[in-house]
Amino acid sequence: MVTVVVGTQWGDEGKGKIIDYLAGGMDIIARYQGGGNAGHTVVLEDKKYIFHLVPSGILYPDKICVIGNGVVVDPVSLFEEIDGLEKNGISVEDRLFIAENAHMTLPYHKILDQIEDRFRGKGALGTTGRGIGTTYADKFNRIGIRVVDFLEEDVFMEKLKIALELKNYLFREYYKEEMLSPERIYEETKIYRGRIKKMVRDVHRYLNEEIEDGKDILAEGAQGTFLDIDFGTYPYVTASNCIAGGACTGLGISPKKISRIIGVAKSYTTRVGMGPFPTELNNSEGDFLRKAGGEYGATTGRPRRCGWFDAVLTRFAASVNGLDELVMTKLDVLTGIEKIKIAVAYEFDGRRYKEYPFNTKVFLHCDIVYEEMDGWSEDISAIRSYSKLPVNARRYIERIEEILNVSIRMVSVGSSREQIIVR
Ligand code: GDP
Ligand code: IMO
Ligand code: MG
């Protein structure tokens, strides 16, 4: 059985915590898209782990973890992460498999990502600078380098020369930056070849055999629905399909094999980087959420923009992902707010939008129709049963369920594994 966990907002919904929680009942945890731009936090016994490329199930010593073909793999970042975990006594290399057809992020992808975003000037996206868009661009441009190509020294060199030809022209003539020689990249990356070779597998075949065998697989989404390249707030998005459908192309499994799709939503909304954000609070309420929620990026440390829960967005996320259920995280952060708001529609140019509009103009200039709810003041972080939550907290959850027409089966009230309420 395959379960997909997907972000329903702009990333950082608390997927890492929920994946870690659910991983206890799974056999395999598999990342299907994104790359080192992800920052998934798991807190276990007061220790905080931030995963970028390693799946968030790795803390269970008996689980197999997989990096699927849809992920872009930066070996420098991957081995930094693996070495950090192994230093903490967590074995990784013997139970992490990498798809041979995953594409590799190489030093020039990161350099170009940073230069390109600088050159966008006012139109900068505020990328994580991890070479994500530039790696996927090479993949679609058919000049990418896959893990399997990296393993063959002569193939790697040949492909490096092709990939660098146009880039070096741009470095020299346009960006006025230092050129990169294929030989240098080859030398800098050769230390990883032997280690990667031991982890490489025909991942799609492996997963399909395990599914046939009755194993439980958790497909770990990175980023979120509104950072999806097709359905997000384009162009302020990442470069992959973060939505649940991405699990099929990013792992090589049939849509028929997916039996459960779980969305993760914060009890409010955050966003890092540029782009429209209708319910953003540029005031003391936004500052309160940032402080109470510790809203600073897990990958870049940037302060996250904060705002009210946007049901227009999450309703769309429920539909495009086909959510069976929703997990609401960080409910504890709302404690102490007198009046909590939920966005239920947008208004622009005399029209009311209850559905997510693809038109960026609407997004940027709309007025928001809010519903206001009474808050609560009790500390809820030690509560483990739904009926013990303050009545206004339950009303808030149940109102969101009603608007989205999706059940909220789990509520998270703190960052550690046990701070969860299962209904
Ligand atoms: P992800 O990218 O979706 O995995 O989310 P991040 O790890 O980037 O950001 C979520 C942050 O919220 C992390 O610091 C988590 O430790 C923290 N967190 C997760 N769930 C909860 C919760 O229910 N309450 C609180 N207070 N913090 C949480
Ligand atoms: P997780 O998995 C939040 C944002 C960046 C930027 C845009 C494009 O932790 O939820 P990119 O480097 O991907 O080309 O940047 O996407 N972004 C994220 N925001 N959480 C993430 O991942 C993100 N990954 C990328 O801030 O706005
Ligand atoms: Mg994150």
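These numbers were taken from a predicted model, which means no experiment stands behind them.

J.: What is the right way to look at helix α3 (residues 107-119) in this model?
T.: Each α-helix winds once per 3.6 residues, and so residues spaced three or four apart point in a common direction. Over its 13 residues, α3 extends 19 Å from the first C-alpha to the last, a length consistent with the 18 Å expected when each residue adds 1.5 Å. All of the buried residues in α3 are Pro107, Tyr108, His109, Leu112, Asp113, Ile115 and Asp117. Buried residues along α3 sit in contact with β8 (103-104), α4 (132-140), α6 (153-173) and α7 (182-189). Trailing α3 by a residue or two, glycine 121 shows a phi angle of about 60 degrees, which is positive.

J.: What am I meant to see in the domain arrangement of the protein here?
T.: Many authors give the size of an interface as the accessible area that is lost as the parts come together. Structurally, the protein comprises domain 1 (2-99 + 199-262), domain 2 (103-196) and domain 3 (265-422). Taking only C-alpha atoms, the centre of domain 1 and the centre of domain 3 are 24 Å apart. Of the residues lining the interface, 39 residues belong to domain 1; the matching set on domain 3 comes to 42 residues. With both sides pooled, the region where domain 1 packs onto domain 3 buries about 3,300 Å², and carbon together with sulfur makes up 60% of that total. Per-residue buried area on domain 1 facing domain 3 is highest for Gln9, Trp10 and Lys17; these three make up 22% of the total on that side. Linking domain 1 to domain 3 there are three salt bridges. Across the pair aspartate 12 and arginine 304 runs a salt bridge, and its minimum N-O distance is 3.0 Å. Remark: the boundary between domain 1 and domain 3 carries 21 residue pairs in polar contact (both at pLDDT 80 or more). Breaking the side of domain 1 that touches domain 3 down by element, the ones donating at least two residues are α1 (15-23), β3 (40-44) and β11 (258-266). Top element by residues in the side of domain 1 that touches domain 3 is α1. It accounts for five residues.

J.: Just to check I follow, could you spell out the nonpolar core for this structure?
T.: Most often, soluble globular proteins keep nonpolar side chains buried together rather than apart. Formed by 118 residues in total, the largest nonpolar core has its most connected members in Leu78, Leu160, Leu331 and Tyr396. When neighbours within four sequence positions are excluded, tyrosine 396 is seen to be in contact with Ser267, Phe309, Met328, Leu331, Leu334, Ile340, Lys341, Ile342, Met373 and Trp376. Ranked by size, the runner-up nonpolar core spans 16 residues in total, among them Phe226, Phe348, Val362 and Phe363.

J.: Could you clarify how one ought to interpret the pattern of salt bridges in this entry?
T.: Where charged atoms of side chains with opposite charge meet at close range, the side chains can pair. Considering all chains together, one arrives at 32 salt bridges under this definition. For lysine 63, the salt bridge is made with aspartate 62, and the minimal N-O distance between the two is 3.8 Å. A relative accessible area of 7% means that lysine 63 is categorised as buried. Close ionic contact of glutamate 295 with lysine 330 constitutes a salt bridge, the shortest N to O distance being 2.9 Å. One end of the pair, glutamate 295, is in the loop between α11 (284-293) and β13 (305-307); the other, lysine 330, is in the loop between β15 (325-329) and β16 (339-348), with 35 residues separating them in the sequence. On the basis of relative accessible area, glutamate 295 is assigned to the buried category, the value being 0%. Bridged by salt links that share partners, the residues Asp12, Lys266, Glu295, Arg304 and Lys330 form one connected network.

J.: I tried to follow the coordination of the magnesium ion (ligand 3) on my own but got confused; where do I start?
T.: Perfect tetrahedral coordination of a metal by four donors corresponds to 109.5 degrees between them, and perfect octahedral coordination by six donors corresponds to 90 or 180 degrees. Donor atoms from the polypeptide that coordinate the magnesium ion (ligand 3) comprise Asp12 (OD) and Gly39 (O), at 2.0 to 2.2 Å from the metal. Here aspartate 12 is found in the loop between β1 (2-7) and α1, whereas its partner glycine 39 is found in the loop between β2 (28-31) and β3, with 27 residues between them in sequence.

What counts as what
- Residues numbered from 1 in each chain as written.
- Chains lettered and ligands numbered in written order.
- Predicted model: local features only at pLDDT ≥ 70, side-chain atom pairs only at ≥ 80, totals over all residues.
- Heavy atoms only, no water.
- Helix = DSSP H or I, 4+ residues; strand = E, 2+ residues; numbered from the N terminus.
- Expected span 1.5 Å × (residues − 1).
- Buried < 20%, exposed > 50% of the residue type's maximum accessible area, 1.4 Å probe, protein only.
- Contact = heavy atoms within 4.5 Å.
- Domains from an automatic or database assignment.
- Buried area = accessible area lost by both parts, 1.4 Å probe.
- Salt bridge = Lys/Arg side-chain N within 4 Å of Asp/Glu carboxyl O.
- Polar contact = N/O pair within 3.5 Å; in protein donor to acceptor, adjacent residues only side chain to side chain.
- Core = buried A, V, L, I, M, F, W, Y, C linked by side-chain atoms within 4.5 Å.
- Donors = N, O, S within 2.8 Å, 3.2 Å for Na, K, Ca; no water.

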